[in-house]
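Here are the chains, one letter per residue:
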Amino acid sequence: MPFPSDNDPDLEVERLIADEFKRQITGLQLIASENFTSPAVMRAVGSVLTNKYSEGYPGKRYYGGNQVVDSIEAIAIERVKTLFGAEHANVQPHSGANANMCAYQALMKQGDTVLGLSLDHGGHLTHGSPVNASGMLYNFIPYKVKPGDERIDMEQVRDLAHEHRPRLIVTGTTSYPRRIDPEPFKIIADEVGAYFLYDAAHLAGLIAGGVYPNPVPYADVVTFTTHKTLRGPRGGCILSKAVHQAAIDKSVFPGWQGGPLEHVIAGKAIAFREAMAQSFKDYAKQIVVNASALASALANEGFRLVSGGTDCHLMVVDLRPFDAELTGKEAQAVLDLAGITLNKNTVPDDPRSPFVTSGVRVGTASVTTQGMKEAEMTQIASLIARALRGRADEGTLAQVKADVASLCAAFPAYPNL
Ligand SMILES: *Cc1c(COP(=O)(O)O)cnc(C)c1O
């Protein structure tokens, strides 16, 4: 039987995919959790592997016909263990959120107490938000950043750990611009007999590239996403000490998931190999150099950087010193009109709600993939400031949008597509 689309292509959806391609390559993509994955990864994700059911693990599948898939998943596992120096890896989690829920279930029982970074201070939804299953299934106690330097308050982490005797201490963030040293967390976890989970969702690429501390030697479990700085397909991954291997694997399947996405796992395998290359180390280094350059340029334009700057790929920009009336929500909307994509973000102890906010989050992973360097970061800061200053004037926004498009045209993400 022929496929209906052979004679009747779905132009409606194809046109929208083409529109999205155009949006991605003609605008500045500054969302800190996004990146441009490679054409090789996209080919794997679009391959026939999507047709195969492979519940179970290599060598232990429920269905037949998994000889090839076993090899693919085994390669992904070996590569990621080598890349991060891990004792065990599970490459099946469909997303970062899933990876975290699987890790929690492997290490805890329902109702157990966990320390996690407060959401409005950089933590993630899956670190105990009341609207997320993590917050419903476990008793999360939040720790925060210090009011003065806006760095994680390790004394508070220690005090809370001794007071609450958690089963697990979680760190890792979605909008914290500074270096997280894993060793002090491990020391505190050992003091109170807690497990230590490090959520490296944002940071995996920087860790793989050697420009950010690797938590794998210290943490019981490290979870991460493969699509942020690591630049692979959209998905999750769990690394752990060998002692947790059986619990982690059981928790992923059959605990939380059914059949794994082997087309995505093939994409992960390709991304892990790409991340082993010297060129990826250069890439990771440039991401951080670019973030520092962009942070200083934004400070020169009159913005305040939360914690004063950045050690990684992202920064949180407090808009209030630039313009007390300007909210994160409005800044996001205005910049969208100018072809600059980023997201509103709370600043620590933000007086505005999470739907409005006083800040925006900015990341340099995508523009660095495009080949932009420090000079372009200064240009980007100036484009952002021009658009926000001239936000009442359509002509200014159109001019900025045209300048953004010509900057992006000089740095094509996909020159061969
Ligand atoms: C992005 C992120 C996640 C979730 O990843 P998804 O793939 O969106 O589910 C989890 N933890 C942190 C810290 C993140 O930044």
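Note that the structure is a prediction, hence the values are computed from the model and not measured. (Residues numbered from 1 in each chain as written. Predicted model: local features only at pLDDT ≥ 70, side-chain atom pairs only at ≥ 80, totals over all residues. Heavy atoms only, no water.)

Draft legend 1. A look at the packing of helix α12 (residues 278-300) against helix α15 (residues 374-389). Between α12 and α15, the shortest axis-to-axis distance is 8 Å and the interhelical angle comes to 40°. Here α12 is positioned oblique relative to α15, judged by the angle of their axes. You can see that α12 and α15 cross each other, and the crossing is right-handed. When α12 is examined against α15, the residues Q286, V289, N290, A293, L294, A297 and L298 are found in contact with a partner set consisting of E374, M377, T378, I380, A381 and I384. For the contact of α12 with α15, the residue count by class is nine nonpolar, three polar and one charged. (Axes fitted to C-alpha atoms, helices over the stretch in contact; angles between N-to-C directions. Helix = DSSP H or I, 4+ residues; strand = E, 2+ residues; numbered from the N terminus. Parallel < 35°, antiparallel > 145°, perpendicular 65-115°, else oblique. Left-handed = near helix turned anticlockwise from the far one by under 90°. Contact = heavy atoms within 4.5 Å. Nonpolar A, V, L, I, M, F, W, Y, C, P; charged D, E, K, R; others polar.)

Draft legend 2. Focus on the packing of aromatic side chains. Applying the stated criterion to the full structure yields twelve aromatic pairs. On the basis of an interplanar angle of 75° and a centroid distance of 5.6 Å, the ring pair of Y53 and Y63 is categorised as edge-to-face. Within this pair, whereas Y53 is found in the loop between α3 (39-45) and β2 (56-57), its partner Y63 is found in the loop between β3 (60-61) and α4 (67-84), the two being separated by ten residues in sequence. Accessibility expressed as a relative area gives 47% for Y53, which makes it partly exposed. Look at F84 and F224: their rings are 5.1 Å apart centre to centre, the planes differ by 45°, and that puts the pair in the tilted class. (Phe/Tyr/Trp six-rings, centres within 6.5 Å; stacked < 30°, edge-to-face > 60°. Buried < 20%, exposed > 50% of the residue type's maximum accessible area, 1.4 Å probe, protein only.)

Draft legend 3. Broad picture of the packing of helix α13 (residues 328-337) against α15. Here α13 crosses α15 at 105°, and the two axes come no closer than 9 Å. As summarised for this structure, α13 and α15 are arranged roughly perpendicular, according to the angle between their axes. The residues of α15 that touch α13, namely those facing A331, V334 and L335, are I384, A387 and L388.

Draft legend 4. Region of interest: the side chain of H313. On the secondary structure map, H313 appears in the loop between β11 (304-305) and β12 (314-318). Within polar-contact distance, the side chain of H313 engages the side chain of H202 at 2.9 Å. Once you skip the residues sitting within four places of it in the chain, H313 turns out to touch A32, H202, L203, L206, T229, I287, A291, V362, G363 and T364. (Polar contact = N/O pair within 3.5 Å; in protein donor to acceptor, adjacent residues only side chain to side chain.)

Draft legend 5. How the structure looks around unusual backbone geometry. That bond from F253 to P254 is cis: its omega, 10°, falls within 30 degrees of zero. By secondary structure assignment, the location of P254 is in helix α10 (residues 245-256). Even without being glycine, R165 reaches a positive phi, approximately 45°. Judged by relative accessible area, R165 falls into the partly exposed class, the value being 49%.

Draft legend 6. Quick look at the sheet that holds β11. Strand order in the open sheet formed by four strands is β11-β12-β15-β14, with antiparallel pairing between adjacent strands. The open sheet has two edge strands with one neighbour each: β11 and β14 (343-345). Inspection of the sheet shows β12 paired to strand β15 (residues 359-363) by five bridges, in the antiparallel sense. Its bridge partner lying in β15, L314 is registered against G363. Each of β11, β12 and β15 is contacted by α12, which is oriented at about 10° to β12, the strand it contacts most. Contacting β14 and β15, α13 runs over the sheet at an angle of about 170° to β14. (Pairing = 2+ DSSP bridges.)

Draft legend 7. Inspection of the site of the ligand at higher detail. Taken together, the neighbourhood of the ligand is formed by 13 residues, with G96, A97, D199, H202 and K228 sitting nearest. The backbone of A97 places a nitrogen or oxygen atom 2.8 Å from an oxygen atom of the ligand. Within the side chain of H124, a nitrogen or oxygen atom sits 3.5 Å from a nitrogen atom of the ligand. For the shell around the ligand, the element with the most residues is helix α5 (residues 96-107), which contributes three residues. The class makeup of the residues in the shell around the ligand is two nonpolar, nine polar and two charged. (Near = heavy atom within 4 Å.)

Everything listed here is a matter of geometry and, on its own, says nothing about what the molecule does.
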